[in-house]
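So you can see what is in the structure, the chains are spelled out below.
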Amino acid sequence: SIRIMEHFIPEIFWHDRASLLSIDIDDNMNGEDRYRLATCSMQKEIRLWELGFETCPGRKTTELAVSFIANITGHHHSINAVQFHTINNARYRASGDSEGRLIVWKLSDLPPGPPEDPELPPNKENWVKHKLIHHDSDVTCLAWQPNGAKLASVGRDNVLLIHDMLMNGKRVLSVANMREFPNGMSWDPLGRYIVTQSTDRKMEVIDAIKGTKLRLIYAVDFPSLTFSSSHATDPTPTKLFYDDQMMSFKRLPSFSPCGQLVVVPCAHIESRDNNFYGNYVFTRKDVISSGRPSWLLPSPKATFLVKMCPVIFALVENAKENYSGLPHRIIWLSLTN
């Protein structure tokens, strides 16, 4: 079944009032009930935060607390993407900027040095540069190979590149002519596919092993659809995604942690008298064979990001319906403009 969950905002922190361009949660904290959160912005800095539940003084309840971990410098232009990863039990983080620089950082056991900015607290963790590689153009999105050491990047040069960190950052794959530049990407947890989204209303499926393009998803022959008494479409080829007028820096699809579903934002169907927004859900089979979404989940506004919870949950007992047909539940969030 599909359920909508409420959320709350525990606290708000400023990133020097600079526009945030990417965030990532480090979900591998060795069993601790605490998480690292990385933010990057036009400020050319990466900031790390810790999220954890703490017991409130004098009360039995717990609240989500946010604390500062580190401020990391090294880029000379705005940082567009940041992602955590684990390789051989070591913690890494990759970041890409508008100069085409990709920096792979590694968490060091050595204590951090004195703070570079006297207005900030001292760093609690020491992240050192592990490898500097280049994308040849502005980096728009990053994706680590699940359970592997390869790093994929896409940029404004309409190219997808893959570098291997176990081969000293060697470029091992290049996929050119990605239509309009991709600004969103997700790597299949089973390692086989990479999906990208672009500002030209297209989604591409790439073979992450061979570097071949498997499917371009743009428009689908839908039957006549009726969403409400005053919201209908004609039985004609329908463009699936929002065009480049959508005010969003990224379009981020996401594979489910089991790899059997792909949830894709920016759904936009222009009906006779209105617009319809939401997310598409593709099955692993159909995203390759037909390119047709299996479900369209509505949203009151245009969506631009999907983020999966890495935990796979048991099915709800006595649930009346199981739309996905999967033997488990998956949970994700979606952001709107």
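Residues numbered from 1 in each chain as written. Predicted model: local features only at pLDDT ≥ 70, side-chain atom pairs only at ≥ 80, totals over all residues. Heavy atoms only, no water.

Enquirer: Would you take a moment to explain the UniProt feature "repeat: WD" (unreviewed entry) in the protein for this structure?
Expert: Summarizing the sequence annotation, UniProt attributes the feature "repeat: WD" (unreviewed entry) to residues 132-165 in the numbering used throughout. Helix makes up 0% of residues 132-165 and strand makes up 59%, while its end C-alpha atoms are separated by 11 Å. (UniProt positions renumbered as here; feature names shortened; annotations may be inferred. Helix = DSSP H or I, 4+ residues; strand = E, 2+ residues; numbered from the N terminus.)

Enquirer: Quick question: what am I supposed to make of the pairing of strand β11 (residues 160-164) here?
Expert: Remark: a regular strand shows side chains that alternate across the two faces of the sheet. Most of β11 sits out of view: five of its five residues are buried. What you see with β11 is no split at all: Leu160, Ile162 and Asp164 on one side and Leu161 and His163 on the other are buried throughout. Two elements, strand β10 (residues 150-155) and β11, share five bridges in a ladder whose sense is antiparallel. The residue of β11 that forms the bridge with Leu151 is His163. Following β10, the chain reverses through four residues before pairing antiparallel with β11; Asn158 in that reversal takes a positive phi of roughly 60°. Here β11 runs beside strand β12 (residues 170-175); their pairing, made up of five bridges, is antiparallel. Residue pairing across strands places Asp164 opposite Lys170, the latter belonging to β12. (Buried < 20%, exposed > 50% of the residue type's maximum accessible area, 1.4 Å probe, protein only. Pairing = 2+ DSSP bridges.)

Enquirer: So what exactly am I meant to see when it comes to the sheet that holds strand β8 (residues 126-134) here?
Expert: Whether parallel or antiparallel, the strands of a sheet pair through hydrogen bonds between backbone atoms. Strand order in the open sheet made by the four strands is β5-β6-β7-β8, with antiparallel pairing throughout. Whereas interior strands pair on both sides, the edge strands pair on one side only; in this sheet they are β5 (79-87) and β8. Across the sheet, the axes of successive neighbouring strands diverge by a mean angle of 25°, strand direction being ignored. The sheet contact formed by β5 and strand β6 (residues 90-97) spans eight bridges and is antiparallel. Counterpart to Val82 in the pairing with β6 is Ser95. (Axes fitted to C-alpha atoms, helices over the stretch in contact; angles between N-to-C directions.)

Enquirer: Help me understand the packing of aromatic side chains in this model?
Expert: Two measures describe an aromatic ring pair: the distance that separates the ring centres and the angle between the ring planes. According to the stated counting rule, one finds five aromatic pairs in the structure shown. The interplanar angle of 85° and the centroid separation of 5.6 Å between the aromatic rings of Phe241 and Tyr280 together place this pair among those described as edge-to-face. Taken together, the residues Phe241 in the loop between β20 (237-239) and β21 (254-255) and Tyr280 in strand β23 (residues 275-283) connect sequence positions 39 residues apart. The class for Tyr280 is buried, based on a relative accessible area of 0%. (Phe/Tyr/Trp six-rings, centres within 6.5 Å; stacked < 30°, edge-to-face > 60°.)

Enquirer: Is there a simple way to explain the environment of Leu240 in this structure?
Expert: Structurally, the position occupied by Leu240 is in the loop between β20 and β21. Separated by 53 residues in the primary sequence, Leu240 and Pro293 place their C-alpha atoms 9.4 Å from one another. Discounting residues that sit within four places of it in the chain, Leu240 has contacts with Ile217, Tyr218, Ala219, Val220, Phe222, Cys266, Ala267, His268, Tyr280 and Pro293. (Contact = heavy atoms within 4.5 Å.)

Enquirer: Looking at this model, I keep getting lost on the side chain of Arg93. Mind explaining?
Expert: Along the polypeptide, Arg93 turns up in strand β6. Buried within the structure, Arg93 lacks any salt-bridge partner; Glu125 is the closest side chain of opposite charge, at an N-O distance of 6.6 Å. Among all residues touching Arg93, those that are not within four sequence positions of it are Ala38, Ile46, Leu48, Ile72, Val82, Gln83, Phe84, Ile103, Val104, Trp105 and Trp127. (Lys, Arg positive; Asp, Glu negative; His and termini not counted. Salt bridge = Lys/Arg side-chain N within 4 Å of Asp/Glu carboxyl O.)

Enquirer: I'm lost on the confidence of the model for the protein in this one. Help?
Expert: Regions with low pLDDT should not have their predicted coordinates read in detail. Considering every residue of the protein, the mean pLDDT works out to 88; 92% of them sit at 70 or more. When pLDDT is averaged over each helix and strand of the protein, the minimum, 66, is found for strand β19 (residues 231-232) and the maximum, 98, for β21. (pLDDT = per-residue confidence, 0-100.)

Enquirer: For this particular structure, what's the right way to read a nonpolar patch on the surface?
Expert: On the surface, a cluster of nonpolar side chains totalling about 270 Å² of accessible area is made up of Leu166, Met167 and Val172. Residue placement: Leu166 occurs in the loop between β11 and β12. (Patch = residues over 30% accessible without salt bridge, like charges linked within 9 Å, V, L, I, M, F, W, Y side chains within 5 Å. Areas by Shrake-Rupley, 256 points an atom, 1.4 Å probe, with all protein chains shown as cover.)

Enquirer: Looking at this structure, I do not really get the layout of surface pockets. What am I missing?
Expert: Any space left empty among the atoms is revealed by the rolling of a water-sized probe across them. Estimated volume of the second largest pocket: approximately 270 Å³. Taken together, the elements giving at least two residues each to the lining of the second largest pocket come down to β4 (62-73) and β8. Residue contributions to the lining of the second largest pocket peak at three residues, all from β4. (1 Å grid on protein atoms, 1.4 Å probe; cavity = no way out; pocket = protein on both sides within 12 Å on 5 of 7 lines; lining within 4 Å. Points joined across faces, edges and corners; volume = space filled by probe spheres on them.)

Enquirer: Looking at this structure, I do not really get the sheet that holds strand β22 (residues 261-270). What am I missing?
Expert: Taken in spatial order, the four strands line up as β21-β22-β23-β24 in an open sheet, and their pairing is antiparallel. Looking at the sheet topology across the chains shown, the edges are occupied by β21 and β24 (295-299). Pairing of β21 with β22, which is carried by two bridges, proceeds in the antiparallel orientation. Looking at the pairing, Phe255 lines up with Val262 of β22.

Enquirer: Honestly, the pattern of salt bridges in this entry has me stumped. Any pointers?
Expert: Close approach of charged atoms lets side chains of opposite charge pair. A full pass over the atoms with the stated rule returns twelve salt bridges. Here Asp26 makes a salt bridge to Arg91, at a shortest N to O gap of 2.3 Å. Of the two residues, Asp26 sits in strand β1 (residues 20-26) while Arg91 sits in strand β6, which places them 65 residues apart along the sequence. As far as burial versus exposure is concerned, Asp26 and Arg91 are alike and both buried. Between Asp136 and Arg171 there is a salt bridge; the shortest N-O distance is 3.2 Å. With Asp136 in the loop between β8 and β9 (139-144) and Arg171 in strand β12, the pair connects residues that are 35 residues apart, well separated along the chain. When salt bridges that share partners are traced, they join Asp26, Arg36, Arg91 and Glu125 into one network.

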